[in-house]
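Reading the structure
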Amino acid sequence: MRHHIEGTTMFDGDQAQKGYALNRMCFSFNAKKNREAFRANEDAYCAKYSLTKEQREAVKSRNVLQMIEAGGNVYYLAKLAGIFGLNVQDIGAQQTGMSVAAFKDKLAAAGR
C-alpha cells in the first residue's frame, strides 16, 4: 500500500532507477581520490557518471531536496553533502524550508 505524504518524495523502485547515476556517483565518494576529482572538475566528474540535466542542476544548486526529487537516496547524498560542507542541520533546514538557525531552535525546543 502506498501512502502519499505531502511534500515528500518516496524512494521506491522507480526513484531508484531514476537516480541510479546520481547515487552511483555519490557512492564513489567513499574514496578520497574521487572526492578530490569532483572538487577539481565538478562538470567532468558529473559527466563521467552521465547525470541527467535535472540531476546536474540539482548538484550545481547544492539543493538536496532537488537531488532527492531527481532520484537521489539520502544515504548516498550524505557523501555529496559533506563535500559541499553541509551538515545534518543544513539538510534538515532545506527539507523543512526553514533557516538553519530556525531549524536548530526547533530541534532544541523538541528536546526540552
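Structure first, text after, so check above.
A quick note: this is a predicted structure, and the numbers were derived from the prediction, not measured. (Residues numbered from 1 in each chain as written. Predicted model: local features only at pLDDT ≥ 70, side-chain atom pairs only at ≥ 80, totals over all residues. Heavy atoms only, no water.)

Examining the packing of helix H2 (residues 20-28) against helix H7 (residues 74-83)
Quick note on the threshold: Between the N-to-C directions of two axes lies an angle of 0 to 180 degrees, each axis being a line fitted to C-alpha atoms and, for a helix, fitted only over the stretch in contact. Note on conventions: DSSP H or I runs of at least 4 residues are helices, E runs of at least 2 residues are strands, and numbering of each starts at the N terminus. Angular relationships are summarised with four words: roughly parallel below 35 degrees, roughly antiparallel beyond 145, roughly perpendicular across 65 to 115, and oblique for the angles in between. What makes a crossing left-handed is the near helix being turned counterclockwise from the far one by less than a right angle; a clockwise turn instead makes it right-handed. The criterion used for residue contact is that any of the two residues' heavy atoms lie within 4.5 Å. All amino acids are sorted into three groups, where Ala, Val, Leu, Ile, Met, Phe, Trp, Tyr, Cys and Pro are nonpolar, Asp, Glu, Lys and Arg are charged, and the leftover types, Gly among them, are polar.
As a packed pair, H2 and H7 sit with axes 8 Å apart at the nearest point and diverge in direction by 55 degrees. Compared by their axis directions, H2 and H7 come out oblique. For the crossing formed where H2 meets H7, the hand is left-handed. Between H2, through Leu22, Asn23, Met25, Cys26 and Phe27, and H7, the contact on the second element is made entirely by Tyr76, Leu77, Lys79 and Leu80. Residues of the contact of H2 with H7, tallied by class, amount to seven nonpolar, one polar and one charged.

Notes on the pattern of salt bridges
Should their charged atoms come close, side chains of opposite charge can pair. Cut-off, in case you're wondering: The salt bridge criterion pairs a side-chain nitrogen of Lys or Arg with a carboxyl oxygen of Asp or Glu, the two atoms within 4 Å. With a 1.4 Å probe rolled over the protein chains alone, any residue whose accessible area is under 20% of its type maximum counts as buried; one over 50% counts as exposed, and the rest are partly exposed.
Summed over all chains, the structure comprises six salt bridges. Glu42 is the partner of Arg56 in a salt bridge, and the nearest nitrogen-oxygen pair spans 3.1 Å. Of this pair, Arg56 sits in helix H5 (residues 53-61) while Glu42 sits in helix H4 (residues 42-48); the two residues are 14 residues apart in sequence, bridging distant segments of the chain. Residue Arg56 shares its accessibility class with Glu42, and that shared class is buried.

Function cannot be read off these values alone, since they describe shape.
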